[in-house]
Amino acid sequence: MLPPKTVVISGGSKGLGATMTSAFLNKGYRVATFSRQANEFITQQQLSNANFFYWESVDANDLNEIKLFVNNVKSKFGHIDILINNIARLSEGLLVLSSDDEIISLLNTNILAPIILTRECSKNMLKRNTGVILNISSINAIKGHKGVSLYSATKAALDGMTRSLAREFGPANIRINSLIPGFFDSEMVSYLSENRREQILKEHLLVAYQKLKKLAK
């Protein structure tokens with residue numbers, strides 16, 4: 001009998017990452033994830049899914065910590081079947097007011113960390129001639145919005161990497177795709193004012209569709 005598949009999810013302690021972690025665990029997958037700090041969700045999974053869940057405290061700005069994490073996952077679970085590059089940080093503000101440290105930190109978290117994770121996890125996939133990589137992108141990668149130029153640049157870079165790696169990894173039976181989930185309420189956007197949320201919702205296709213359905217009744 002084959003062992004359960006192993007999924008690596010970056011930033012799996014909250015928001016979309018935590019939702020995906022729970023979903024994969026419920027389907028019988030083994031899940032490895034990291035975040036800067038543990039929280040109630042992580043503690044709960046460690047207690048209830050001890051043999052199927054692995055978590056480490058990792059600073060996404062430290063690329064060596066990311067490499068060590070992947071090595072530890074391979075040591076614990078033996079192989080990696082799926083990688084989901086979910087971790088991201090949103091910095092909203094005018095580019096001219098951004099500090100060097102803020103720019104470097106955002107680039108490290110949003111694009112350098114996914115690149116290193118993809119490189120390290122794909123080594124294991126290439127040896128086994130199979131694998132799946134999913135990059136969580138953003139509508140900001142294709143549609144410009146004021147104040148998120150840095151975030152948009154990193155997500156556009158992630159999409160560009162995805163397109164190129166699809167050609168590199170395709171012959172090895174490794175699928176790689178980008179997913180744009182659209183706007184959803186999470187801690188990343190908790191700072192947004194109610195007025196800004198309403199503006200975003202007005203542009204949301206699902207909201208527009210629901211309004212049209214009401215008018216059609």
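The preceding data block contains the structure.
Residues numbered from 1 in each chain as written. Predicted model: local features only at pLDDT ≥ 70, side-chain atom pairs only at ≥ 80, totals over all residues. Heavy atoms only, no water.

(A) Focus on the overall build of the chain. Check the secondary structure of the chain and you find seven helices and six strands. Across the chain, helices and strands are ordered from the amino to the carboxyl terminus as β-α-β-α-β-α-β-α-β-α-β-α-α. Across the 217 residues in the chain, those meeting the buried criterion constitute 42%. A separation threshold of at least 6 residues defines the contact pool for the chain, and within that pool the share at least 24 residues apart is 65%. Put simply, the chain shows about 12,200 Å² of open surface, and 55% of that area lies on carbon and sulfur atoms. (Helix = DSSP H or I, 4+ residues; strand = E, 2+ residues; numbered from the N terminus. Buried < 20%, exposed > 50% of the residue type's maximum accessible area, 1.4 Å probe, protein only. Contact = heavy atoms within 4.5 Å. Areas by Shrake-Rupley, 256 points an atom, 1.4 Å probe, with all protein chains shown as cover.)

(B) Summary view of the side chain of Thr 6. Inspection of the secondary structure puts Thr 6 in strand S1 (residues 6-10). A polar contact of 3.1 Å, which involves the side chain of Thr 6, links it to the side chain of Arg 30. With sequence-adjacent residues up to four places away left out, Thr 6 is seen in contact with Arg 30, Val 73, Phe 77, His 79, Ile 80, Asp 81 and Ile 82. (Polar contact = N/O pair within 3.5 Å; in protein donor to acceptor, adjacent residues only side chain to side chain.)

(C) Expanded view of the sheet that holds strand S6 (residues 174-179). With parallel pairing, six strands are arranged side by side in an open sheet as S3-S2-S1-S4-S5-S6. Of all strands in the sheet, those with a lone pairing partner are strand S3 (53-57) and S6, marking the two edges. Across the sheet, the mean angle from the axis of one strand to that of its neighbour is 15 degrees, orientation sign disregarded. Here strand S2 (residues 30-35) runs beside S3; their pairing, made up of five bridges, is parallel. Its bridge partner being in S3, Phe 34 is matched across the sheet by Glu 56. Sheet strands in contact with helix H1 (residues 15-26) are S1, S2, S3, strand S4 (82-85) and strand S5 (131-136), and its direction is about 170 degrees off that of S1. Across the sheet, helix H2 (residues 40-48) touches S2 and S3, and the angle it forms with S3 is around 140 degrees. (Pairing = 2+ DSSP bridges. Axes fitted to C-alpha atoms, helices over the stretch in contact; angles between N-to-C directions.)

(D) Layout of the nonpolar core. Residues Val 8, Phe 69 and Val 73 are the most contacted members of the largest nonpolar core, which totals 28 residues. Secondary structure elements with two or more residues in this core: S2, helix H3 (63-77), helix H4 (100-128), helix H5 (149-169) and S6. Setting aside residues up to four positions removed in sequence, Phe 69 forms contacts with Val 8, Ala 32, Thr 33, Phe 34, Tyr 54, Glu 56 and Val 58. The next biggest cluster of nonpolar side chains, apart from the first, holds 14 residues, and it includes Phe 24, Trp 55, Ile 82 and Ile 136. (Core = buried A, V, L, I, M, F, W, Y, C linked by side-chain atoms within 4.5 Å.)

(E) The environment of Glu 65, seen in detail. Among the structural elements, Glu 65 can be located in helix H3. For Glu 65, the contacting residues outside a window of four places in its chain are Ser 57, Val 58 and Asp 59.

(F) Quick look at the layout of surface pockets. The computed volume of the second largest pocket comes to approximately 230 Å³. Around the second largest pocket, the lining is made up of twelve residues, and of these Lys 5, Asp 81, Arg 128, Thr 130 and Gly 131 lie nearest the centre. Of the residues assigned to the lining of the second largest pocket, the class counts are four nonpolar, four polar and four charged. (1 Å grid on protein atoms, 1.4 Å probe; cavity = no way out; pocket = protein on both sides within 12 Å on 5 of 7 lines; lining within 4 Å. Points joined across faces, edges and corners; volume = space filled by probe spheres on them. Nonpolar A, V, L, I, M, F, W, Y, C, P; charged D, E, K, R; others polar.)

(G) Inspection of H5 at higher detail. Over its 21 residues, H5 extends 30 Å from the first C-alpha to the last, a length consistent with the 30 Å expected when each residue adds 1.5 Å. Those residues of H5 that fall on the buried side of the exposure criterion are Leu 150, Tyr 151, Ser 152, Thr 154, Lys 155, Leu 158, Asp 159, Met 161, Thr 162, Leu 165 and Phe 169. Taken together, the buried residues of H5 touch H4, S5 and S6. (Expected span 1.5 Å × (residues − 1).)

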